[in-house]
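# Close look at the chain arrangement
Read off the chains here:
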Amino acid sequence: MIPEDSWEMVKSFIHRYSGQVIAITAEATFERAMQAMSIKAVDLWVKPLSPSNMKHALQQAIGNLSAVSKKNTVTELGHAVRYEALFIDDHVSFPFPVYLLGAEQRKTLNDLRDFIDQFDFDYKPSVFSTHDNIVLVFQHDFPAPVKQAQRFLREWEHSEGNPIAIVVHTGNGDSLHPIYMKLLRMMETTFFIGYKQVLQAEDIQEWVDIDPFLTVEEQRNWVFMLDEGQGDKLKSWLYEEFFNMKSPYPEPGLLRTRLTSILAQIRRFMFRKGLKTKDSEAYYKKVFESILYSPVLYRIVQELILFINYLFQTVKEQDMFAKADVIEAAIGYMENHYNDAMLSLTETAAQVQRSPSYLSHILTKRYQQSFREMLIYIRLQKAKELLGATDDSVQNIAAAVGFRNPNYFSRVFKSHTGLTPREWRLQ
């Protein structure tokens, strides 16, 4: 009944710790038989069970255990240290070295277990796996346990490369539970200093207490820097805040809370700027999860900086689209009201909810024409259509396209086309 994705791990434990194995299943299939063979089972029991077959298999297994061999002796040594001793203090002094191996990526642990089996230790350790780490418990004293750990790290990096860290406890008479807790505590410093190194549990220091939340002044500074798009200043602030830390460090949970407090300011900035797209929301959730779970502070801060830059770029693009929309709306209004001789920049700007000076600026920047020049261009285009399609008088056409003075219309028309309205009609 072992899940398929857990079978290899369970099989490695069976090989490591079991003297004799009897398999039992409710499925009389070739696959289950092969699994039983792979763990060298004495017998495979298929439900419903036969008492006589059970008795025979148990007798055979007990008989096999009675045979003394070097392998049996090594196995028994492995059972001298109980897994539970890591979690429940048995108050039994343990004088030998203990290693704690942690990986930046949890999926690395499976490969790490295989590498441990192949590594040439001075003495083979008992191996205990937890959800996040691997514990190596040695049952002999040996010289330079730190150097052996460094050799292990070098060979691992040469063959695998995925970041791991090793914390070494050289033995001081504590029982295994407090040793394990000290190793875990020292492993937490990888949040600040990263992996790819060997640490010593004896170097452990108490966490420094900090206020994890931004002060009112810091909040104001963040609001200002975000609203002004000061990416370089925000980057410098984050670097100074998080990359100049030295031991003793604050508790990692407090740092994650502080980073969450910063992300809250960024979230408010997103609301102010209307950044509610599917992509920006997905990116925000990714950064939030990074703050909660990423094992290294450096990577969280880098992710935060990239996210801020992404938001600034998105705002810039939105502004460009917004300007384009304003221009198109303004031109559309001019094209619909060109025949109004009183049409003005102020009226058009009010229709698109912008100031006259801003509308004039973006029109000139986009088309290199002022509002007045663009309005005249639109009116003349309409006049050309009327001159070619109707027999209306020049005076009527001038009035129809927004010119109150026919003579002024004729002068403007000739200055732009080189022909008078009548000449344009006759050509």
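These figures come from a predicted structure and were not determined experimentally.

### Some points on the pairing of strand 2 (residues 43-46)
Looking at chain direction, strand 1 (residues 22-25) and strand 2 are connected through four bridges and run parallel. Opposite Ala23, over in strand 2, you have Leu44 as the bridge partner. A crossover links strand 1 with its parallel partner strand 2, the connecting element being helix 2 (residues 30-38), and its sense is right-handed.

### Some thoughts on the confidence of the model for the protein chain
Summing up the model confidence of the protein chain, the mean pLDDT is 88 and the portion of residues at 70 or higher is 95%. Mean pLDDT values for the elements of the protein chain range from 42 in helix 4 (residues 70-78) up to 97 in strand 6 (residues 164-169). Contacts for the low-pLDDT stretch residues 68-79, under 50 throughout, to residues beyond four places or in other chains number seven contacts.

### Section: the sheet that holds strand 7 (residues 197-200)
Strand pairing in a sheet relies on backbone hydrogen bonds. The paired strands run either parallel or antiparallel. Strand order in the open sheet formed by five strands is 4-5-3-6-7, and the pairing between neighbours is mixed. Strand pairing shows two members of the sheet lacking a second neighbour, strand 4 (126-129) and strand 7, which therefore form its edges. Ignoring strand direction, the axes of neighbouring strands in this sheet form an average angle of 20°. Alignment of strand 4 against strand 5 (residues 133-137), held across four bridges, turns out to be antiparallel. Bridge assignment links Phe128 to a residue of strand 5, and that residue is Val135. Seen against the sheet, helix 5 (residues 108-118) touches strand 3 (98-103), strand 4, strand 5 and strand 6 and runs at an angle of roughly 20° to strand 5.

### Some points on the environment of Arg220
Looking at the secondary structure, you find Arg220 in helix 9 (residues 216-227). Distance from Arg220 to Gln265, taken between C-alpha atoms, is 9.5 Å for residues 45 residues apart in sequence.

### Topic: the packing of aromatic side chains
Inspection of the entire model under this criterion finds 29 aromatic pairs. On the basis of an interplanar angle of 65° and a centroid distance of 5.1 Å, the ring pair of Phe138 and Phe142 is categorised as edge-to-face. Here Phe138 and Phe142 have matching classes, each one buried. In this structure an aromatic cluster arises from ring pairing among Tyr99, Phe115, Phe119, Phe121, Tyr123, Phe138, Phe142, Phe152 and Trp156. Over the ring of Trp207 we find Arg185; its NZ or CZ atom is 3.5 Å from the centre of that ring.

### Describing the UniProt feature "domain: HTH araC/xylS-type" (unreviewed entry) in the protein chain
UniProt records the feature "domain: HTH araC/xylS-type" (unreviewed entry) at residues 328-427, using the numbering of this structure. When the span residues 328-427 is considered, its composition is 73% helix and 0% strand, and the gap between its end C-alpha atoms is 33 Å.

Procedures and definitions
- Residues numbered from 1 in each chain as written.
- Predicted model: local features only at pLDDT ≥ 70, side-chain atom pairs only at ≥ 80, totals over all residues.
- Heavy atoms only, no water.
- Pairing = 2+ DSSP bridges.
- Helix = DSSP H or I, 4+ residues; strand = E, 2+ residues; numbered from the N terminus.
- Right-handed = clockwise from strand over helix to strand, strands pointing away.
- pLDDT = per-residue confidence, 0-100.
- Contact = heavy atoms within 4.5 Å.
- Axes fitted to C-alpha atoms, helices over the stretch in contact; angles between N-to-C directions.
- Phe/Tyr/Trp six-rings, centres within 6.5 Å; stacked < 30°, edge-to-face > 60°.
- Buried < 20%, exposed > 50% of the residue type's maximum accessible area, 1.4 Å probe, protein only.
- Lys NZ or Arg CZ within 6 Å of the ring centre and 35° of its normal.
- UniProt positions renumbered as here; feature names shortened; annotations may be inferred.

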